[in-house]
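A structural walkthrough
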Amino acid sequence: MKRSFFFLWLTASWAMGWMGCGDSDSADSNSSTPTESDAGSDVVSEGSTGTDALSDGGSDDTASEAAMEGSTPLGSVITTVNLHNPTEKEAIDVPLTFGHVFRPGDVPKGTTLQARVGETLIPTQVDSKARHADGSLRHAIVTVVASIPASGAVQAELLTIPLPEAQTAVELGDLLNTDFNASLTLTVDAKTYSLDAKTLLQGKIDRTWLSGPIVSEWIVAGPVVSGQSYHPHLSARFSVRAYTGLKSVRVGISVDNDWAFEPEPRNFVYDASVQMGSKQVFSLSNLTHHRQARWRKVFWWGDEVQAYVTHDSRYLMNSGALPHYDPELTISDEGLEKQYAKWGTLNTGPMGIGPMEPYMPTTGAHDDIGPLSRWDALFLCSMDRRAQEMAMGLADLAGSWPIHYRDKDTGMPVRLDDYPYMSLLGNPGDKVNPKTGKSEAFPACASQADCKSPYTPDSAHQPSMGYLAYVVGGDYDHLEELMFWANYNMLESNPHYRAFEQGLLKWGQVRGQAWSLRTLGFAAYIVPDDHSFKAYFNERLDYNLQYYLDRYTKNEPNPLGIFTDGYAFAYNEGRGIAPWQDDFFTWSVGQLVAMGFPKAVPLLEFKAQFPVGRMTAPGFCFIHAAAYQMNVRDEKGAPIYDTFAEVYQKTVDPAIQALPCASAEMGEALSLAPGELTGYSSSTAGYPSNMQPALAVAVESGIPNAKDAWETFAQRPVKPDYSAYPNWAITPRIQP
């Protein structure tokens, strides 16, 4: 594929430190000292979105400044990134590739980005992946070439420029003319199988992921081969990223046991090795590769690029793409070091899951749960290298869970619109498609022992998998992880409960619906515009939002704004609900609104009533706003109470109700400080902490009393220390 590009030649340099959600108190030696840099010769480039670029993507060079009137002016600095060199040797003209999200309108249609270090424009390639409704850039993979001092960092500004004219990209043929190769060997059941990237690259290219004069990347896949026979279950995928000059080629290798409908699925035990060229770079013995799971490692041919990129956390969060953590939060270096030390003791290799909870349905708080997991939140809020290693590593380890169902015909995750009756639950008859008369059930294992996994997934306690890593890293494998998890949350249910191909989430626990909706929204937002799953996830999200809107704003609205689906009434013989689970759902809807899904707006306005009412409604003392459970009706099937005062009267001990709200007397009776909320207010995972994200998005909804509710909550006398456990430290994007 050929494209053209615009050349700029300037010199100079500059560098600055970085900042996360708040200033971390960790001393990152690679980001703290201003330094000089000689950028050398410079190229500005706009890459393509893949093999089938959109008409409003990188190829559109016809827009004029007049067409962009009202948008960001050309030459505006949109944000900054920091380029780090962890080695003791100066990095000269080193390429760095990273992902980035942008606010609507910041990079208008017809413009692209240019990186600048000090006064020097450095070589920049932008591969547009997703755009906002106004045509402006939403997500791109950016590659820059910079010089970075030893054990130092430089700051690069990203500014808008007109789309340049085009020139030749790094060509696959040039790579094939070298002695490059990457090969995988597996010894399975005493039989040797292999697969190599060069052979695959000479055939069908599954996806051109990056294309430009600085870097091109091609993705190829196939089953592992022994002689003339293919292994029926095991396959490999190579993501080959070649930088200009072909001195550095990065290869991501994913080994998969994930075909959805291949007969006799099972675990496989094998030895594995990887060679880059003629050199063995990786080996392992006696690995049990679980069914419906995959593992991934990254290797280099030629010069390894050890430099890395960190982002402006505040910009990322303000884009709406990511949860809005407290921008004033300072992450504890001691807390980071403890997590990183623990990371080093755990299984973080193939088929490991690191610090994640292996039995996901485990009740109670664990580090995985929240808008983002503990490790993702630590990374987003600190941009610390240790946290980055853990967050990116966990995105790889997400493949170890048995949730991956890939269609052998397409090479993609199975689709509900192709197999509307497939499911992990239900009776055999539930999975027979009446239109075809065929079962869409996944093949059974010969025995449970053949398919046993040490990891049990669920949706009710599910962390966000792959999303943050893809947003800031741009690796296709991490995007696939996000897609697999979003799909799993829909296909696991009985097809009749989920409305078949619609993938409704209404059948699950409230918290399960909350986290599944979050993950589905992340996928609908970030999947590239030219990807076949873009429309698929947006349609499934639309089906779900329409269901919730019909139920809660038309057919069965209730005055409290509570969620009544699934297993909502799980307490006191059908009288009570768990406010904290309801709060999870409210936050998820608020995140959809922040990402720009208009259909979520009226749903948020409905849901925001519940956290706001618990903090501000007459007759309800806010001290009890984060109770473990609340009675919201007199009995199973009875109408929902009309007021929060009724909820308070039917939930709280009458002796406590008789005391002045938030008084010293009430505190003494509850063994709390005056004004302290019940529900473990000092705990980073207590019920007030669980409530915090819901209150934050309630402020963003703009409903009456939301700001007052947040102010009251923010002024509570007993709060958690989120510095080492920031999962729930969400604050409003707008000032209360």
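Residues numbered from 1 in each chain as written. Predicted model: local features only at pLDDT ≥ 70, side-chain atom pairs only at ≥ 80, totals over all residues. Heavy atoms only, no water.

Our next topic: the overall build of the chain. When you go through the chain residue by residue, the secondary structure sums to 19 helices and 23 strands. Radius of gyration (C-alpha) of the chain: 26 Å, near the 27 Å computed for a compact globule of 736 residues. Reported as C-alpha extents along the three principal axes, the dimensions of the chain are approximately 80 × 65 × 50 Å. Of all 736 residues assigned to the chain, the portion counted as buried reaches 63%. Counting only contacts in the chain whose residues sit at least 6 apart along the sequence, the fraction spanning at least 24 positions is 76%. Working note: accessible area of the chain is about 26,500 Å², and carbon and sulfur atoms make up 49% of it. Side-chain charges of the chain comprise 55 positive and 86 negative groups, with the mean position of each set lying 5 Å from the other. (Helix = DSSP H or I, 4+ residues; strand = E, 2+ residues; numbered from the N terminus. Rg over C-alpha atoms; globule rule 2.2 N^0.38 Å. Buried < 20%, exposed > 50% of the residue type's maximum accessible area, 1.4 Å probe, protein only. Contact = heavy atoms within 4.5 Å. Areas by Shrake-Rupley, 256 points an atom, 1.4 Å probe, with all protein chains shown as cover. Lys, Arg positive; Asp, Glu negative; His and termini not counted. Charge placed at Lys NZ, Arg CZ, Asp CG, Glu CD.)

Tracing the chain through its elements places Gln167 in the loop between strand E9 (152-162) and helix H1 (172-176). It is 7.4 Å that separates the C-alpha atoms of Gln167 and Pro213, two residues lying 46 residues apart in sequence.

If you look at the biggest cluster of nonpolar residues, it comprises 155 residues, and the most contacted ones within it are Leu83, Phe102, Tyr325, Leu380, Tyr467, Ile526 and Phe537. At ten residues, the largest contribution of residues to this core is made by helix H10 (residues 510-526). Among the nonpolar cores identified, the runner-up in size contains 39 residues, and Leu172, Leu195, Trp218 and Val274 belong to it. (Core = buried A, V, L, I, M, F, W, Y, C linked by side-chain atoms within 4.5 Å.)

Moving on: the sheet that holds strand E6 (residues 120-122). Taking strand neighbours across the sheet as the criterion, the five strands line up as E6-E5-E9-E3-E19 in an open arrangement whose pairing is antiparallel. With partners counted over all chains shown, the strands left at the sheet margins are E6 and strand E19 (308-311), one partner each. Here the average twist between neighbouring strands, direction ignored, is 40 degrees. As judged from the eight bridges shared by strand E3 (residues 77-85) and E9, these two strands associate in the antiparallel manner. Of the residues in E9, the one forming a bridge with Val77 is Leu159. (Pairing = 2+ DSSP bridges. Axes fitted to C-alpha atoms, helices over the stretch in contact; angles between N-to-C directions.)

If you walk through the whole model with that rule in mind, you get two disulfides. Disulfide pairing is shown between Cys621 and Cys661; the S-S distance is 2.1 Å. Sign of the S-S torsion, about 80 degrees for the bond between Cys621 and Cys661, identifies this disulfide as right-handed. Here Cys621, found in the loop between helix H14 (609-616) and strand E23 (630-631), pairs with Cys661, found in the loop between helix H16 (654-657) and helix H17 (664-670); they are 40 residues apart in sequence, far enough to count as distant. Under the relative-accessibility criterion, Cys621 is labelled buried at 4%. (Disulfide = S-S within 2.5 Å.)

Within the structure shown, the criterion is met by 37 aromatic pairs. A centroid spacing of 4.4 Å and a plane angle of 50 degrees characterise the contact between Phe563 and Phe585, whose relative ring orientation is tilted. Taken together, the residues span a long stretch of sequence, with Phe563 in the loop between helix H11 (532-555) and strand E22 (576-577) and Phe585 in helix H12 (residues 579-594) at a distance of 22 residues. Taken individually, Phe563 and Phe585 each receive the classification buried, so the pair is uniform in this respect. A centroid spacing of 5.7 Å and a plane angle of 40 degrees characterise the contact between Trp580 and Tyr687, whose relative ring orientation is tilted. In this pair, Trp580 is assigned in helix H12 and Tyr687 in helix H18 (residues 687-701), connecting sequence segments 107 residues apart. Aromatic ring contacts, followed pair by pair, group Trp515, Tyr571, Trp580, Phe584, Trp587, Tyr628, Tyr680, Tyr687 and Trp728 into a single cluster. The ring centre of Phe610 lies 4.4 Å from the NZ or CZ of Arg614, which sits over that ring. Lying across the ring of Phe713, Arg716 places its NZ or CZ 3.7 Å from the centre. (Phe/Tyr/Trp six-rings, centres within 6.5 Å; stacked < 30°, edge-to-face > 60°. Lys NZ or Arg CZ within 6 Å of the ring centre and 35° of its normal.)

Turning to the confidence of the model for the chain, a few remarks are in order. Taken residue by residue, the chain gives an average pLDDT of 91. The fraction at 70 or more is 91%. A low-confidence stretch, residues 1-20 stays under pLDDT 50, and its non-local contacts, those more than four residues away or across chains, total 99 contacts. (pLDDT = per-residue confidence, 0-100.)

Positive phi values are uncommon outside glycine, yet Asp93 reaches one of about 50 degrees. Tracing the backbone through its elements, the reader meets Asp93 in strand E4 (residues 91-101). Classification of Asp93 by relative accessible area gives partly exposed; the value is 41%. For Asn572, which is not a glycine, the phi torsion comes out positive at approximately 50 degrees. Here Asn572 shows up in the loop between H11 and E22.

Looking at helix H13 (residues 600-607), one finds that the buried residues are Ala600, Leu603, Leu604, Phe606 and Lys607. Projection of H13 onto a plane perpendicular to its axis shows the buried side chains occupying an angular sector of 160 degrees, all on one side. (Arc of directions from axis to C-beta.)

Here we come to the side chain of Gln388. Note on placement: Gln388 falls in helix H6 (residues 385-397). Taking relative accessible area as the criterion, Gln388 reaches 8% and is therefore assigned buried.

On to the packing of helix H9 (residues 476-491) against H11. Where H9 contacts H11, the two axes come as close as 12 Å, and the packing angle between them is 40 degrees. Judged by the inter-axis angle, H9 sits oblique to H11. The two elements H9 and H11 cross, and the hand of that crossing is left-handed. Along its contact with H9, which presents Met483, Ala486, Asn487 and Met490, the element H11 presents Phe533, Tyr536, Phe537 and Arg540. (Parallel < 35°, antiparallel > 145°, perpendicular 65-115°, else oblique. Left-handed = near helix turned anticlockwise from the far one by under 90°.)

When two helices pack together, you describe them by how their axes are tilted relative to each other and by the distance separating the axes. Between helix H4 (residues 333-343) and H6, the shortest axis-to-axis distance is 9 Å and the interhelical angle comes to 40 degrees. Regarding the angle of H4 to H6, the classification is oblique. Along this stretch, H4 crosses H6, giving a crossing that reads as left-handed. Counting all contacts with H4, which are made through Asp333, Leu336, Glu337, Gln339, Tyr340 and Trp343, the residues of H6 involved are Arg386, Ala387, Glu389, Met390, Gly393, Leu394 and Leu397. Looking at the contact of H4 with H6 residue by residue, the class counts come to seven nonpolar, two polar and four charged. (Nonpolar A, V, L, I, M, F, W, Y, C, P; charged D, E, K, R; others polar.)

Within helix H5 (residues 374-382), nine of the nine residues are buried, which leaves the element mostly enclosed by the surrounding structure. Among the structural elements, helix H3 (313-318), H4, H6 and helix H8 (467-473) are those in contact with the buried residues of H5. A positive backbone phi angle near 55 degrees is found at Met383, which sits one or two residues after H5.

Attention now goes to the pairing of strand E13 (residues 215-226). Counting buried residues in E13 gives nine out of twelve residues, a clear majority hidden from the surface. Inspection of the sheet shows strand E12 (residues 207-210) paired to E13 by three bridges, in the antiparallel sense. Paired with Arg207 across the strands is Ile219, a residue of E13. Where E12 hands over to E13, the hairpin turn is made up of four residues, counted between the paired strands. Pairing of E13 with strand E14 (residues 229-243) involves eleven bridges; the strand directions are antiparallel. Counterpart to Val220 in the pairing with E14 is Phe238. Counting the residues that bridge the hairpin from E13 to E14 gives two residues, and of these Gly227 lies at a positive phi of roughly 65 degrees.

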